[in-house]
Each structure stands twice: as C-alpha cells, then as structure tokens.
Amino acid sequence: MPVDIDIAKVAHLARIDLSDEELAQYGEQLSVILEYAERVSALPTDGVEPTSHPLPATNAFRPDVVTSSLTNEEALAMAPEAEDGYFRVPRILGEP
Amino acid sequence: MTDLADLSIVEAGRQLRSGDVTAVDLWEAAATRIAYTEPHLHAFLTVDREGALATAKVVDAAFRAGEDAGPLQGIPIALKDNMCTKGLATTASSRMLEGWVPPYDGTAVANLRNAGAVLVGKTNLDEFAMGSSTENSAFGTSRNPWDVDRVPGGSSGGSAGSVAVGSSMGAFGSDTGGSIRQPAALCGVVGMKPTYGLVSRYGLIAFASSLDQIGPFARSVEDAALLLEGVAGHDIHDATSYRGEYPTLTDGLEKGVKGLRVGIVKELMVDAIDSEIRAATRAMADKLSDAGADVVEVSLPSSEYALSAYYLIAPAECSANLARLDGVRYGNRVPADTTDEMMAKTRAAGFGPEVTRRILLGTYALSAGYYDAFYGQAQRVRTLVRQDFATAYEQTDVLISPTTPTTAFEIGAKTDDPIAMYYSDVCTIPSNLAGDPSISVPVGVDTRGLPIGFQIMAPALGESMLFRVAAEVERLAEFSARPSLAVSKETV
Amino acid sequence: MPEWEAVIGIETHVELQTNSKMFCGCAVAFGEAPNTNTCPVCLALPGAIPVPNEEAIEGIVKIGTALDSTINKDSLFYRKNYFYPDLPKNYQISQYTFPVCEFGKLEIVVDGEPFVVGITRVHMEEDTGKSRHVGEDGRIHDASHSLLDFNRSGVPLVEIVTEPDIRTAEQARAYGAELQRIVRTLGVSDARLEEGSMRFDANVSVRRGPDAEFGTRTETKNVNSLRSLQRAITFEIDRQTRVLEEGGEIIQETRHWNEDKGVTISMRIKEESEDYRYFQEPDMLPLEIDEAWQQRVKAEQPELPAQKRARYVGLGTDAHTAELLADDPALGGLFDQAVQAGANAKQAGIWITQEVVAYLRREEKSLVETALSAAHVAELSEMVSAGDLSSTASKDVLNAVLAGDGTPREIAEAKDLIQISDSGFLEAEVDAVIADNTDAFEKLAGGDMKMIGFFVGQVMKRTGGKADPRLVSEMVRNKAQG
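Cut-offs applied
- Residues numbered from 1 in each chain as written.
- Chains lettered and ligands numbered in written order.
- Predicted model: local features only at pLDDT ≥ 70, side-chain atom pairs only at ≥ 80, totals over all residues.
- Heavy atoms only, no water.
- Helix = DSSP H or I, 4+ residues; strand = E, 2+ residues; numbered from the N terminus.
- Rg over C-alpha atoms; globule rule 2.2 N^0.38 Å.
- Buried < 20%, exposed > 50% of the residue type's maximum accessible area, 1.4 Å probe, protein only.
- Contact = heavy atoms within 4.5 Å.
- Areas by Shrake-Rupley, 256 points an atom, 1.4 Å probe, with all protein chains shown as cover.
- Axes fitted to C-alpha atoms, helices over the stretch in contact; angles between N-to-C directions.
- Left-handed = near helix turned anticlockwise from the far one by under 90°.
- Pairing = 2+ DSSP bridges.
- Buried area = accessible area lost by both parts, 1.4 Å probe.
- Salt bridge = Lys/Arg side-chain N within 4 Å of Asp/Glu carboxyl O.
- Polar contact = N/O pair within 3.5 Å; in protein donor to acceptor, adjacent residues only side chain to side chain.
- Nonpolar A, V, L, I, M, F, W, Y, C, P; charged D, E, K, R; others polar.

### With respect to the overall build of chain C
Along its length, chain C carries 15 helices and 16 strands. Its C-alpha atoms give chain C a radius of gyration of 31 Å, clearly above 23 Å, the size a compact globule of 482 residues would have. Dimensions along the principal axes, computed over C-alpha positions, put chain C at roughly 100 × 55 × 50 Å. Counting all 482 residues of chain C, 54% fall into the buried class. Look at the contacts in chain C between residues 6 or more apart in sequence, and 69% of them connect residues 24 or more apart. By element, 48% of the accessible surface of chain C is carried by carbon and sulfur atoms, the whole surface being about 20900 Å².

And the structure:
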C-alpha cells in the first residue's frame, strides 16, 4: 500500500532545511520504508497493551537535594555564540 | 612470546599483579598495535595518548602501593564515541558534534575510571549509532580487520575492530538493535548486550532511549563478563537504571550446559539467513546437545514483525532525542537571520542522510493522524514479541540463533538500499524490543574466511545463565583464528 | 436577543519552590547571574537524561488534593515536541493522557455569592529557560538578536487547567486569588505573579446567552497581576463583543496583554493546530501514587484558606476581617494564638487587621519585628472586657505595646489609663454630683435625657477622667428613671 507523506511538513516539524530535490528523494525513501514498516499492521493486536518500556517498574525518583552546577564558563564553553554570560542566538520570530 | 596486546584481560590482570608487566607496558603494546593497524582499520576517531599514558602511570603507582580496584585496573579499553568523556572529544561520528568536548563523564565511563581502566580512545560508529556498517560515520568508514574491503558491522564497528586486532583489550559499545552483537559477529569477537537497565545510560548519547544499552566487546566470554561487571550497577542519574539485585556474571562460567534446555529459534533459521551461517548454528546446536543440553526448536511467531516495529519505535524516539542538536548551546552552527532558520540549516548541514532519514521517519510516525497506525501499533507488536519470548522461556533456559544473516559484506554493497541494510539486524532486534540480555560468540569462519557469530539470548536479568552457556559455546567452538591485521606486523 | 455572555477558562502555571529542579540537582533560585544554575541535564547536553524530583511530585499531589481532585494512581510523563530556543531539548517533559490529577473543583465567593470552578486537570511539567530580546526596546519582532538564560530551565512547573466555567472577569480574578492563597498555604510556591512563579493564561470567548454554542476563543498571555488578569479579560470580552456586534469574526489566536496600554495584542495566528507529537517519555518510569501516599498527603494537608475563613467567621469575626486574617499567615497566626489565650475574637480581629496592620505599614515592619505577642492581645482584650480600659484607650495601649513599651497593663498604668469601674465608688460619686446639681437632675428626671451627658461629664471631672463612662451613664439613667 503506498503511503502518503507530506514530506515538506514533516521536514518542517523536524526543523531540517531540505531542498526540493532532497525532499522528493527522502519522500520516496520514506514511502518505501513505511510500506515495509506497515507490515506491523498485519498483526492483529486487538486488546494488546502497548509496551513503551521494557522495565516493569515505577517511581524512580531523585531526592530533592541540590548538587553542583556547571560554572557559567563551563556552560558557555561550547556555545557557538555567547554574550554577557548568555547564549546568543539570532532574532527569534514568533512564540513557541 | 605472545605480544602483550593479544593477552586476555584475565591473563593481563594476572601478569599486572605478579609484577611481570606494568599498565604502561600494556598501554604501549596497545599503542604499537594502534600505530600499525589504524591506517588500515580506522577504528578510532580519537586516541588519547596523553590521557592513557598518564592513567597507566597512576595505575602502576597504585599497584605498587597495593591498591587494587579490581580486574579492569590497568587494562587498555576503548570506548564508542557516543559515550561522553569529560575533557575528551565526543562526536557520535556526526558533523553536528565535531570538536564537542563534554564537561562531564557518563556513568559507565566514570565507573571505568574508578576501576582503574586505561581509556585509550574513542571509536568510530555510524552517526548517532544509526547503521550496521559504520558507513554512516561522518568521519570515514571503519574497515573489517579480516578483509579491509568489507565493513566491520555497526554501529559499534570501531570498538569491534579494535578488540579484534588488539588495539584495545576490551571495548564498549551501545546496542539499540544489534549494534554490539552484529559488529562483534562480523569481526570475530564476543559482543554482549545486557538486560535493559543494567548499565546506566547517563552520558550515552541517546538514539532510542527505550532500547539503548551499553555493553562490552572482548576476545573471550570471561573478559566480556569482567568488562560488564566494571560498568553495571544502579545509577541515581538514570531513572531507568535497574534497582534490584544484580546478577553475578563470572560465577557459572565453568558449569557447562548439562541439563540445560536450549531453544533454537525457528524463525531465525530461514532461507534469508546465509546457509553457511545456518549450518554453523546447527553444528553448534548439535555440539551443545552432545555436551548434555536439551536442544529443542522453539518459535517466536511475532519476530518477523519485530524488524518493522523496531523501524518505527527507534526512529520515533530518535526524532525527539536528536532535537536538542539545534546549534543553540553547543555543536556547530550554520548562521542565519533568525533562530528558526539557523536551527533548520544547522540540522540540515549537521546530520548525514541516514540520520536525516530516521528523524523524518520518526517525526512522521508520531505525527497527528498516523500515531496509532505506526507508533502505537509498533508498541503493541513489541508487547507480542515480549509475550513470545515469555512463552519460549517457559520451556527453555536460553534461546540460540545466528547473530547475523550474513558475514561481513563489502563496503558500499548496501548503502543504496536502506531496507537491505536494516535486515542486518533481523536476528538481534527481538532482544532489544524485549529488553533481554543477548550475546554473540564467534563459532567459526565461512568459506571466505570471514567470522560467523552465534547468538545466545536469555530472559531479563539472566546474565549468569547467558555467560554460562556462552562460555561453553566458546569452549566447544575452539575458535582461535585471528584477523590478518592482528597476526603480525610483517603481514601488513 | 439575549445579552452577550463571556465564557472563560484559566490555565495557571505554578513554579514549585523545591530545593532543586524537576529533573536535575541544580538549585531553584530567582534572580541569579545568567546560566549559573545549569548542568548537562537542564542544558540538554548530549547523553544527559532526567530523573524526577520526588518533592515536586509530592507538591503536585498536595495541590491536586487541595483542589479536590482525583489523584490518578498511575500517571505518565510524555514528551511534547516543539522547537523553541528557550526549550533546550526541543521537547518539554509534560503529561498528556493520565495526568497526576483530574476532575477537581475550587469554590470561590464573588459579591457574597459562592461559585464553583471545575478543575479539568492538574499536571506536572518543567519550565523553559528565559530569552531576552536585544535592540529596539526589547520587543521580540524588532530585536537584532536574543540572549538565552537557562537558570529557569527545568524548574518544576504545575499546570492547573479549569473548565470553561467562569463567566466574568471578577470571577476570574477571585479564582486566581483563591488559587494563589491555596498554593501559598500549601507552602509549595511563593506564587509571585510579578516574578513569574505563578502565571495565568486566560481563554476567553463570548456568546449570545447561556444556551448558545461556545464562540471562538482567544488565549491571553503575559498577565502579571491579579488586577491585570481582570483588566485583560474585561478588555478581551469588550473587544470580542464589539467585533461580533460589528459583524466581524473572532480569530483563534494567542494575544498578549499590554499593561501600559491596557489592551491585548495579537501575537500569532494559529494556522493549524500544533502537532506536538506527544509520546510517552522513555527516559522515565510511570508514576505510581498509591492509596497510602494519597492518604498521607490528605492527612498532612494544612487548613485551607476557605476552611480558615469559615472558622474565623464562626469565632465571631466579620467576613472581611476573616479574609484579611486568612490571607496573612503571620496575622492569622497571631489571631489564632490570641483567641486561644482567651481574647475576644471579634475585638482581636479588628485590632489585628486595623491597628496592627496600620502600625506595620506606618513603621514598615513585619509582625515579628514588633514586641507584640498573642498574650498581649489576650491581656488587652481582658482589660477591655473587665472595663479596666476604654476601647479608645485600648488602641493607644496596643500601639505602645507594638512599639515595645511594655505589657498592656504596664502601659495602661504608666499612662494612667486604667478606668474606675468599682460600682460602689462610682455610685457614691454619681450621688454626690446629683446632690450638687438638683435642678439639673430634676430636668433629667422630667425626661430631658440630654442631661445624662452633663452628669457623666461631672463624674469624669471628679474622677480625673478615669471613671468608666459607660457604667456612669447607666447609673445616671437608672437613677433618673427612679
């Protein structure tokens, strides 16, 4: 079954800037892979609970204790751009 | 005389403690091996000569002072380059992280440092551990030490190759769908994926969080058990770290398989698996039977869907895990007028094709309208796979199968066909979906002289049993071949 | 046609003041130098993974319990995926299906009328970092670039979502105020709107009367006080009504409240509903808040503001005094202790909410910085009841006690304010005054009640102002009536 993909929208959601050619190429590859992956739908799974995690445990917590943070220098050491102790980025358009 | 680089960890430990060798000697032997294998192998992205020598000297002083942190003290060990090492570049073989130096050690790395291991360097992998050949590394493909025109497998291909040639005595990798066991099989070494949660994932650059697990490469089963012991343990920094009692790993190695029930997995012995590999698997099954095991055929009916489910679950998780690579706080940045454009351009330039493909795939599989058909269904299939294993373990102690459908393939043979490449992991993926431990042990070579891996699987926390059977397989296989690159300096 | 009616729902974010962040050990602190409380986890460095803070989970269970919610025994963390530079992982760890709390309610009172606001859900998430826009007066669109501080990244955040039950801006404000009181009473957050540790988003729509379908709603953000919550909603109701009256259409969008101009401004039109690609957080295990945990939190729950107010009214204070006392833990505590020590509740309530508050404001002090104790209040109350002190004089004495001049009795004695309430003595004085003023007394006895004042005044004069005027007045009246 051919899978219909709005590849430009997917690339935007994933924040990867691709050319039209690249989009077309990835779109095609994704169709092929998804057709293969879609085999999963052949298996009847009515009433089967999804497994999202292999560990059958709950409540892994951390006590509310302060541990040491990175210094400002350490935090910014690998920043592509920094200014006055902040990470610097180009202007931000719009809200989250 | 045996070159020190070819010693087992067990033997090296004996000699370190008897004073016959020093940690500096072992490091120098590894360094020599690195010097003459690396030009052909490209197993390492970074060799930490200064750090390794400094650690070796500290360790030797400790030995002299009678301080002994255990079996890994003084042992030269290599780390896959997706394990964060404080002060030492960690790239995950991605342009995105080229030159990134973590300000922290992952827990497994910290445990190794505390155990006195001599960390020799960081090994090559498929970018962000996505791949089965290391061809997806942004920094060049590693070679198979048995045939440099072939791939070492992946994604932990560099670690596997390094252990195979002796440029490290043991190594660590990560296994999300087979990324330890498959390259171990292709390089003729032991590779093991522990029960999910046994080794902390803190500081392991995440690919698929519910599947990733750090595990060892070694030239013997006992060495692999010692390596795992060095890193396993509960970690407060990983919420998915196992909190119960940990299995003992080295106690049962001599016990043999007499009376054990061994299930050979029917669905992993089909035509799509290379006939020589099937024959080798069958032969080992017969030897186990001769050694007293009760070998039966078992079925994991959902396993043929496991690969499909995996290629929905892992990309979905990776699409979120890799979102943090955005050029804002670290890593490389492509300048642009707005932050949104900067992120999109940075990610386009930073990720290679396979990573891009999987991020797009996962993004799609999670998006509105498709979630249930793809991701949701894959998670239900995951439940079925686990149920299949549970049923199989009602009548068996361990399961066996080939590790891989083929031996090492030629570089470039599968790069244009993602699905063919994905099929490399068909035998290993079910254990990841189940969260169970699994190990690959070399049992022979094919007619081309390429090693064949034999996979043993056990239920969660069944490491004791797994290593016990693996040790017997190792004895029965009498596998002593070494790759040409490791044999002598003169041959290369 | 029916009148326009507003339909309002409020989403509230409360930062929990735990010691450390939600998923790492960095300190939760306000106003520190940028990027000094960060680590691999809250900067989302490669390889770093989250571990939830147990105290934060305890905090949300407290809030959910106080809001009468169902606490789900099993609940899950999800990843909410969206790219934004203040969100280091580019996904927020939040909850989706199976939040910690659901189906709660909060009763508020507006103009004496009780009103119940349904609570849809209360869920746990993490805060983002902060961005500062540089150039062109810091406005986002005209900025040349932005600066990011991740100190706030990963601070535990509880989101409280109401049903669209609220109908007026006043109700919205009352809801916000009551929620703030509850959160503070629970001690889980200082809930300061101006510092952002409590934040409101108001969803507002209007419709023609209570039977009409819901209209298109807008979401107003950036409301930094209870007053601006009310103003912003009022503005938005008026704006939407005007647009619709003029035949226009309401666009579903996010709007920002501009405090200076007193208007909401459109920020961005949501072209499509966001595709957050929620999926269960694989780095985290499910939460299990079992019966024992739920019961313990319930048992340990402090007296909530509404309970406290009702109790105060029951003790005899008026509703307004009760509210003032319940709103201020220090004053409420003093009141409780004073009443326990025997003070008259009504009298003590008025002293504390009027005299004490005025003194503290005047002197710019907090209660603990004064010399006043609950025992003082009780003593003062006893003196007034016993007639030893006039209620006028009691205020002077109270101020002197606050200033540290001594106990009420010491001060009253030192200032010679103790009243004579010995009836035998006073009767003799009254008789003496009557004897000296027989003409005047006859007028009084003849029904000229205005003369009472004269006789009281005379007695006060004879006693140097120390007689209890109430008692004297009563005696004179009795004598006049024979």
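### A closer look at the packing of helix α6 (residues 319–327) of chain C against helix α8 (residues 345–363) of chain C
Residue and element names in this part refer to chain C. Between α6 and α8, whose axes approach to 10 Å, the crossing angle comes to 60°. Both α6 and α8 take part in a crossing whose hand is left-handed. Counted together, Thr321, Leu324 and Leu325 of α6 and Gly349, Ile350, Ile352 and Thr353 of α8 form the full contact between these two elements.

### Re the pairing of strand β6 (residues 214–218) of chain B
All names here are of chain B. For β6, a buried count of five out of five residues is recorded, marking the element as mostly surrounded by other parts of the structure. Bridge count between strand β5 (residues 190–193) and β6: two bridges; the pairing is antiparallel. Each bridged residue has a counterpart across the sheet, and for valine 190 the counterpart in β6 is alanine 218.

### Side note on the environment of B:Lys255
Residues and elements named next belong to chain B. Locating lysine 255 in the fold gives a position in the loop between α7 (221–231) and β7 (261–265). Accessibility expressed as a relative area gives 57% for lysine 255, which makes it exposed. Sequence separation between lysine 255 and valine 101 is 154 residues, and the spatial gap between their C-alpha atoms is 45 Å.

### Focus on the interface of chain B and chain C
Contacts between the two partners involve 39 residues from chain B and, on the opposite side, 31 residues from chain C. When the two sides are added together, the surface that chain B and chain C hide from each other amounts to roughly 2700 Å², 63% of it contributed by carbon and sulfur. It is B:Ala239, B:Arg324 and B:Arg329 that lose the most area in chain B upon contact with chain C, and together they represent 23% of the buried surface on that side. Where chain B packs against chain C, one counts one salt bridge. Across the pair C:Asp283 and B:Arg201 runs a salt bridge, and its minimum N-O distance is 3.0 Å. Run the count over chain B and chain C and you get 15 residue pairs in polar contact (both at pLDDT 80 or more). Of all elements in the fold, only α9 (303–321), α10 (339–350) and α11 (353–366) of chain B reach the threshold of two or more residues within the side of chain B that touches chain C. Element by element, the count of residues in the side of chain B that touches chain C is highest for α9(B), at four residues. Looking at the side of chain B that touches chain C residue by residue, the class counts come to 22 nonpolar, nine polar and eight charged.

### Details of the sheet that holds strand β15 (residues 279–280) of chain C
Residue and element names in this part refer to chain C. Strand order across the open sheet formed by three strands is β5-β4-β15, with antiparallel pairing between neighbours. What marks the edges here is a single partner per strand, and that holds for β5 (91–94) and β15. Direction of pairing for strand β4 (residues 78–81) relative to β15: antiparallel, over a ladder of two bridges. Within β15, the position partnered with tyrosine 78 by the bridge is glutamine 280.

### Structural notes on the pattern of salt bridges
For the coordinates displayed, the defined rule picks out 62 salt bridges over all chains. A network of salt bridges, in which partner residues are shared, links B:Arg201, B:Asp238, C:Arg79, C:Glu281 and C:Asp283.

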